[in-house]
Each structure stands twice: as C-alpha cells, then as structure tokens.
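Single-letter residue listing:
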Amino acid sequence: MALFSLDIANAASGMAVHDDCKLKFLELKAKRTYRFIVFKIEEKQKQVIVEKVGEPSQSYEDFAASLPVDECRYAVYDFDFVTEENCQKSRIFFIAWSPDTSRVRSKMIYASSKDRFKRELDGIQVELQATDPTEMGLDVFKSRAN
C-alpha cells in the first residue's frame, strides 16, 4: 500500500522533463563535456529545465557557488578522484539540494519529483541529499565515491 501511494505522489507532481536535461546529461556522461549541471523546476511550466552547466575546467567550488542559498535545485556533478591503488576514476553524483531556508512548497515539489527525474538520467552512480553545504562537501564526495 505504501508503494502505491508513493507512485501517486510522483504522478501528482506531474513534472515534465525538458529534453535538454537528458541531452546535457548524456553529454556529461559520454563525452565529459561538462563538470556539472544544475537543474531547476519551472513551476509555471511544470517542467525541469537546465539552469546552468559548468565547463570541465570548473572546480567543485564553482559548482557549490552555483547552487542558490535559499532555493531547491537538482544537480549532477562529475567527480574525479584517485583510488588508493593510484587509479584515476570518476563518479557521477546526483545532488538533491534542499536548503532549510527554501520555501516549504518548493521543498515538497522537489521531493515529490526527484525519483521520476532521476530515472530520466540513466547513469547516476551516487545520490546525495543536502540541506546545507557541509552535507555535500568535497569530503562527503570522497567518502561516497569509493
């Protein structure tokens, strides 16, 4: 019964996903064209859109600075790291950014649309939910990447 009501909640959010979201994600995943992508829900159009992309040369700090302090967003970050065996690796992180200071309505819309949106992005390897910057710091990325 609980699963049934969850599906209704996702369907009730009714958020469409703009094709550009999927295209930009595929470019990040396959071609490494971007370091990160920030997605925003346009409430009036009832769809998720690409708000910002980060070039491959941009840093984690650039990514963190692109998330608004008082508004929810989804984001994808291509995290490069070196393993203990000295191998260069990469993990694609999905971040559900929902700061404590954002509007309750916004938090509800982002929460109810997250799973459906994430399913559209095939290739997510790690998911983070963050309400403040410390919950998605570089140390968190490093510990979750392995």
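All chains use their own residue numbering, which begins from 1 and follows the written sequence. Two thresholds apply to this predicted model, a pLDDT of at least 70 for residue-level local features and 80 or more for giving and counting side-chain atom pairs, whereas whole-chain, interface and lining totals are computed over all residues. Neither water nor hydrogens contribute to the side-chain values; these are computed over all heavy atoms in the structure.

Regarding the environment of Ser102
Reasoning step 1: Helix and strand labels come from DSSP, where a helix needs a run of H or I of at least four residues and a strand needs a run of E of at least two; each type is numbered from the N terminus. As for its placement among the helices and strands, Ser102 is situated in the loop between strand 5 (88-97) and helix 4 (104-120).
Reasoning step 2: Along the chain, Ser102 and Val69 lie 33 residues apart, while their C-alpha atoms are 8.0 Å from each other.
Reasoning step 3: In what follows, residue pairs with any heavy atoms lying within 4.5 Å of each other are defined as contacts. When residues no more than four places from it in sequence are discounted, the contact partners of Ser102 are Asp70, Glu71, Cys72 and Lys107.
Reasoning step 4: Two N or O atoms form a polar contact when they lie within 3.5 Å of each other; inside protein one atom must be a possible hydrogen donor and the other a possible acceptor, and for residues adjacent in sequence the pair counts only when both atoms belong to side chains. At 2.6 Å, the side chain of Ser102 and the backbone oxygen of Pro99 are in polar contact.

Structural notes on the environment of Lys52
Reasoning step 1: Note that Lys52 resides in strand 3 (residues 47-54).
Reasoning step 2: Take Lys52: its relative accessible area is 35%, and that puts it in the partly exposed class.
Reasoning step 3: Here the alpha-carbon distance between Lys52 and Lys89, two residues 37 residues apart in the chain, equals 24 Å.
Reasoning step 4: For Lys52, the residues in contact, after removing those within four places along its chain, are Phe36, Ile37, Val38 and Ser66. Between buried and exposed lies partly exposed: a residue is buried under 20% and exposed over 50% of the maximum accessible area for its type, with that area taken using a 1.4 Å probe on protein chains only.

Describing the pattern of salt bridges
Pairs can form between side chains of opposite charge whenever their charged atoms are close.
Reasoning step 1: We count a salt bridge whenever a side-chain nitrogen from Lys or Arg sits within 4 Å of a carboxyl oxygen from Asp or Glu. By the definition in use, this model includes 11 salt bridges.
Reasoning step 2: Between Lys22 and Glu120 there is a salt bridge whose closest N-O contact spans 3.1 Å. Remark: Glu120 occurs in helix 4 and Lys22 occurs in helix 2 (residues 19-31); sequence separation between them is 98 residues.
Reasoning step 3: Assessed through its relative accessible area of 27%, Lys22 is described here as partly exposed.
Reasoning step 4: Owing to a relative accessible area of 27%, Glu120 belongs among the partly exposed residues under this scheme.

Let's talk about the layout of surface pockets
Reasoning step 1: A 1.4 Å probe that fits into a set of points on a 1 Å grid over the protein atoms alone but cannot get out defines a cavity; an open set with protein on both sides within 12 Å along at least five of seven lines defines a pocket, and lining residues are those with an atom within 4 Å of a point. Grid points are joined across faces, edges and corners, and a volume is the space filled by probe spheres set on the points. Roughly 210 Å³ of volume is contained in the largest pocket.
Reasoning step 2: Considering the residues around the largest pocket, the lining is formed by 13 residues, among which Lys40, Ile41, Glu43, Glu71 and Arg103 are closest to the centre.
Reasoning step 3: If you list the elements that add at least two residues to the lining of the largest pocket, you get strand 2 (36-42) and helix 4.
Reasoning step 4: Counting residues per element, the lining of the largest pocket draws most heavily on strand 2, which supplies three residues.
Reasoning step 5: Residues are grouped as follows: nonpolar covers Ala, Val, Leu, Ile, Met, Phe, Trp, Tyr, Cys and Pro; charged covers Asp, Glu, Lys and Arg; every other residue, Gly included, is treated as polar. Residues belonging to the lining of the largest pocket are distributed by class as follows: three nonpolar, two polar and eight charged.
Reasoning step 6: Contributing to the lining of the second largest pocket are Ala64, Leu67, Val69, Trp97, Pro99, Asp100, Thr101, Thr131, Asp132, Pro133 and Met136.

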